[in-house]
Amino acid sequence: MEQDEKFENQLNLALDLSEEEREKSKDLDAGYDKETDQWEIIFRYAGTLDTIRWSDTTRIEPLSMGYAIAYIKEDELEAFGANEQVIYIEKPKNLLLSRQPSIAASCMLSVKNPPLSLTGRGVFVAVIDTGIDIFHPDFIDENGDTKIYALWDQTVKGSPPKPFLNGNLYTKEEINKVLHSESGRYDFRSRDRSGHGTHVASICAGINGVAPEAELIVVKLGDTREKGFPRTTQLMTALQYVINEASQAGRPVAVNISYGHNYGDHRGNSLLERFISQIAQQWKCTICIGTGNEGNSGKHKQGKLIKEEQKILLDIAPFEQNLNLQIWKDFVDELRIQLESPSGISYEITDQQGKSQYSYGNTIVFVYNGYPTPYNVRQEIFLSFIVQEGNHIESGQWNLTLIPRNIRNGEYQMWLPVSLGSNQETISDSTNASVMFGEVCPTPVEDTIPMVEKDTVNKQELPELPQNMGLIEITPISGEIITVKDSLADVLEVAAVMPEFPGGAQELMKFISANIEYPEIAQGDMGQGRVIVRFIVDKEGNIIQPKVVRSVDPYLDKEALRIVGLMPKWKPGELDDGTKVAVHFTIPVMFRQQ
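Residues numbered from 1 in each chain as written. Predicted model: local features only at pLDDT ≥ 70, side-chain atom pairs only at ≥ 80, totals over all residues. Heavy atoms only, no water.

A. Region of interest: helix H1 (residues 9-16). Across the eight residues of H1, seven count as buried, placing the element largely inside the fold. For H1, the full list of buried residues reads Asn9, Gln10, Leu11, Asn12, Leu13, Ala14 and Leu15. (Buried < 20%, exposed > 50% of the residue type's maximum accessible area, 1.4 Å probe, protein only. Helix = DSSP H or I, 4+ residues; strand = E, 2+ residues; numbered from the N terminus.)

Following this line, the structure appears as structure tokens:
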């Protein structure tokens, strides 16, 4: 299918692949149920859920703040995304456990001991993990009753807490009945098979834990199919449940999340990260997320391109069944990527939007070139290595070469899955295990290329809405509110209600198409491409300070600016309370010759 700018890049790639190809990649397959041909998705919406159209087979789990989880047939995704109220859609990611430090290592004894003597009385401790052993003596008081206020096991069929759809909720009263029953140990269906959640809960709020007088709210992540890893969708519903429970009881809550993953640019831009940041402001809560022990695992690489190409080595260990690599860069930077396998097969990765694929003997590499999304200005290049023949992808040293073409920023980041999501030997060469890759070329020490102006770097520009306009393709951008402001006082990057051309995006297209004049002097070989214009829509709807942030040709740049200067007043952006605000807006203009 064609790229849908409301879908994240990984979801677009997953939908472009067959079921058989997806099954070979546990990352791309996460969230898809082959038996029902149904996707589990996270979506952000405006307005209310009852204004969104969906089929009778679709199920919705509402969260708060305009977030929700949907279970939807694959062939209905495109129609669902076409709802104007739906802002953005992500597929879930597999979650993997991080390690938990001990009480002594966390320096908590100083607050447990006099004079503070903090015990956690009147506070909830929530553990979102692999479950809990309710029969463990650390969670049973002197009367034989439980310290667990509630346990939601998402993997057990039964009666989930409202408004959620999966799992079974065990109340304090139900757990106490089990504890005092002779057959309770055999009848109780919820189990912590790995022991991780029990260990974490014991440290946090066991009889001898950090907060021994706190009550526990426990959520065991997973689903009733017990298929693979827990997913980010389940984490979001768990967190919503915990905050709901604590706020209804009127008690503060400290939440521990021991799961994580390595997908994304690690800047807090995904729907999951934004949801966690926003829900943390809803109630008296502290959310603690384990950072893991990945510092020396060789799963990350960062660098800066200037003039010289950079060759990067990736060691793929034997018996790796699949792997993904994310490359994140500034979208205005243009570069070439060469990927060579250990057996010497080499391809230049095509710089084209959407999916491409390359055959390396027994390994096939799918590449997805994304563009900025409603929540991320940076460009993601996602590489998925899966088996084409045999049982394992080609092991050994893969060579990745980054060749600069037109660099304005030059910074890039690369990520492999966390250690539990891949062979722990899949890292850089062993001589440089502090980073993911070993470099053949030294890292540049100084950027000698002029940078773009300060207020045009690392901004929250948003994705293109493709329109077929013949010679010219105009693609407006929109977004949602954040709290970060740039160097121009009181100018937001995005707002709750974004500025809008009179009549909306389609009218903007018509206006530009009717007024554009393709410069004859620019109609040579270089007279086509995407000119990106950035401007401010002030509180009165005036367009001010237009500037070209990505140039193609001086004549095309000038024409794009001329058109922006002809525009009438826009509808200004607004905050949630209706206050009008000045907002940055970006319009890519695609000049194409017939």
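B. View of the pairing of strand E11 (residues 253-257). Counting buried positions along E11 yields four of five residues, so the element is predominantly enclosed. As paired strands, strand E7 (residues 124-129) and E11 are joined by five bridges and run parallel to one another. Its bridge partner being in E11, isoleucine 128 is matched across the sheet by isoleucine 257. Relative to strand E13 (residues 285-289), E11 is paired through five bridges, and the arrangement is parallel. Counted as the bridge partner of valine 255 is isoleucine 287 from E13. (Pairing = 2+ DSSP bridges.)

C. Local environment of the sheet that holds strand E8 (residues 148-153). As summarised here, the arrangement of the six strands in space is E9-E8-E10-E7-E11-E13, forming an open sheet in which the pairing is mixed. The open sheet has two free edges, formed respectively by strand E9 (168-171) and E13, since each of these has just one partner strand. Sheet twist, expressed as the average angle between the axes of neighbouring strands with direction ignored, equals 15°. As judged from the five bridges shared by E8 and strand E10 (residues 215-220), these two strands associate in the parallel manner. Paired with isoleucine 148 across the two strands is leucine 216, which belongs to E10. Contacting E8, E9 and E10, helix H5 (residues 172-179) runs over the sheet at an angle of about 75° to E9. (Axes fitted to C-alpha atoms, helices over the stretch in contact; angles between N-to-C directions. Contact = heavy atoms within 4.5 Å.)

D. Representation of the pattern of salt bridges. Scanning the model with the defined rule gives 13 salt bridges in all. A salt bridge links glutamate 8 to lysine 93; its shortest N-O distance comes to 2.9 Å. Of the two residues, glutamate 8 sits in the segment before H1 while lysine 93 sits in the loop between strand E5 (86-90) and strand E6 (96-97), which places them 85 residues apart along the sequence. Linked through salt bridges whose partners overlap, the residues forming this network are Lys172, Glu215 and Arg251. (Salt bridge = Lys/Arg side-chain N within 4 Å of Asp/Glu carboxyl O.)

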